[in-house]
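Reading the structure
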Amino acid sequence: MSVTSPFHRTRRWAFAALTAFTLVAAPAAAAAPASTAAPDAGVLATAHKSPFSCGKTFYANNWSGGHNPNGSIDWQSYGGDAINGETVRATAAGTATFDDEGSTSYGKWVQIVHGDGTRTRYAHLDTMVRAPGQTMSVSQGTVIGTVGSTGGSEAPHLHYEQRGSSGVVDTTPTVEGVTVSVGQKKAVTSTNACGGATNPHTPAEVCGSGFSVIDQAALGTVGRTYLLYNSATGANCVVTLKSTSLGTPSPVSAFLEPEGASRTTDSGSYSYYAGPVKRSAPGTCVKWGGSVGSTSYTSPFEHCD
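Residues numbered from 1 in each chain as written. Predicted model: local features only at pLDDT ≥ 70, side-chain atom pairs only at ≥ 80, totals over all residues. Heavy atoms only, no water.

1. What to know about the overall build of the protein chain
- Per the secondary structure count, the protein chain includes one helix and 20 strands.
- Residue burial in the protein chain is summarised as follows: out of 305 residues, 47% are buried.
- The contacts of the protein chain with a sequence gap of at least 6 include a subset with a gap of at least 24, amounting to 63%. (Helix = DSSP H or I, 4+ residues; strand = E, 2+ residues; numbered from the N terminus. Buried < 20%, exposed > 50% of the residue type's maximum accessible area, 1.4 Å probe, protein only. Contact = heavy atoms within 4.5 Å.)

If you want it as structure tokens, here you go:
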């Protein structure tokens, strides 16, 4: 089977060296200069949630003077809730790139390029869900790492930036509808991933590099099954993602059947997804589908060209 689908090229954006900041009343050493002119209009085109789990409240501190790049936020502990080790989530959907600057600059950090070309950056992470140099598609709320103090940081915190499509830093970043301008420090409560229905995995991540979604079907409210295709290899891939009982093993399945050939199925009690089920079927119709619990979907033979 073959299909014409858009080709998405992931860019790894260069960045200016950055030094971290303390969590007290004034920032520590400043970073190297970065572009901080008036923000792109594109920064406002994507609505961002807090980079933390639902219900979590932390300070968003937009330092006045000495914080480089100007306009970035240091997320810090609030009340009795220490931020160190907290789960970090994507504030909006896009393509994430993972990097590690070692003991300098951002340390372990992630950049997400969003659908409108704007970008967010998450720095000084303790852990990341992918190795440096890797990329993955993320939804709003997808887990990307945990808060730490890597790189030039002097104390645990999350350094966060919103940038326009040209790379210019927005000096008035907005999360959860709250704008935090330079010189302001506000406590922000997260609504990210509320309801527990955000799966930390994506179909493209599960199937691997080169695969793009070409079809999908909802499994009621409990999940969704996806058909992906790799135009370079002619391979198909099916994965079923849960949206209920996340992190708890429960019945889920995915299958793929080229016309005239046997069916391949992955089924079991899984925490997040079933698959990937991969088959090569150039120029051949395929039947595909999956299930979560008792809810299932089976396609007709299709995607034949």
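Anyway, onward from the coordinates.
2. Thoughts on the sheet that holds strand β15 (residues 235-242)
- If you walk across this open sheet you meet the four strands as β13-β14-β15-β18, and the pairing is antiparallel. Among the strands making up the open sheet, the edge pair consists of β13 (212-219) and β18 (273-280). When strand polarity is set aside, the average angle formed by the axes of neighbouring strands in this sheet is 15 degrees.
- By the bridge criterion, eight bridges tie strand β14 (residues 223-230) to β15 in an arrangement that is antiparallel. Along β15, the bridge assignment pairs threonine 225 with threonine 240. (Pairing = 2+ DSSP bridges. Axes fitted to C-alpha atoms, helices over the stretch in contact; angles between N-to-C directions.)

3. Section: the state of the cysteines
- Under the criterion given, the structure shown has two disulfides.
- Disulfide partner of cysteine 207: cysteine 237, at an S-S distance of 2.0 Å. Every disulfide takes its handedness from the sign of the S-S torsion; for cysteine 207 and cysteine 237 that torsion is -85 degrees, giving left-handed. Placement of cysteine 207 in helix α1 (residues 203-207) and of cysteine 237 in strand β15 is noted, with a sequence separation of 30 residues between them.
- Here cysteine 237 falls in the buried class, since its relative accessible area comes to 0%.
- Residue cysteine 285 pairs covalently with cysteine 304 via a disulfide, S to S 1.9 Å. Sign of the S-S torsion, about 115 degrees for the bond between cysteine 285 and cysteine 304, identifies this disulfide as right-handed. (Disulfide = S-S within 2.5 Å.)

4. A few points about the sheet that holds strand β19 (residues 286-292)
- Read from one edge to the other, the open sheet built from four strands follows the order β17-β16-β19-β20, with strand pairing classed as antiparallel. Both outer strands of the open sheet, β17 (264-270) and β20 (295-298), are each paired with one neighbouring strand and no more. With strand direction ignored, the average angle separating the axes of adjacent strands in the sheet is 5 degrees.
- Across seven bridges, the pairing between strand β16 (residues 250-258) and β17 is antiparallel. For valine 252, the partnering residue across the bridge sits in β17 and is glycine 268.

5. Things to note about unusual backbone geometry
- In this chain, asparagine 68 is followed by proline 69 through a cis amide linkage whose omega measures 5 degrees.
- Looking at where proline 69 falls in the secondary structure, it is placed in the loop between β1 (57-61) and β2 (73-76).
- Note the cis peptide between glycine 275 and proline 276, where omega equals 5 degrees.
- As for its position among the elements, proline 276 is in strand β18.
- Unlike most non-glycine residues, serine 105 shows phi in positive territory, near 55 degrees.

6. Structural notes on the pairing of β15
- Most of β15 sits inside the fold, with eight of its eight residues counted as buried.
- Of the two faces of β15, the one lined by Ala235, Cys237, Val239 and Leu241 and the one lined by Asn236, Val238, Thr240 and Lys242 are each fully buried.
- Count of turn residues in the β14/β15 antiparallel hairpin: four residues, of which glycine 234 carries a positive phi of about 75 degrees.
- Sheet analysis places β15 next to β18, joined by six bridges and oriented antiparallel. Within β18, the position partnered with asparagine 236 by the bridge is arginine 279.

In short, shape yes, function no, at least from these values alone.
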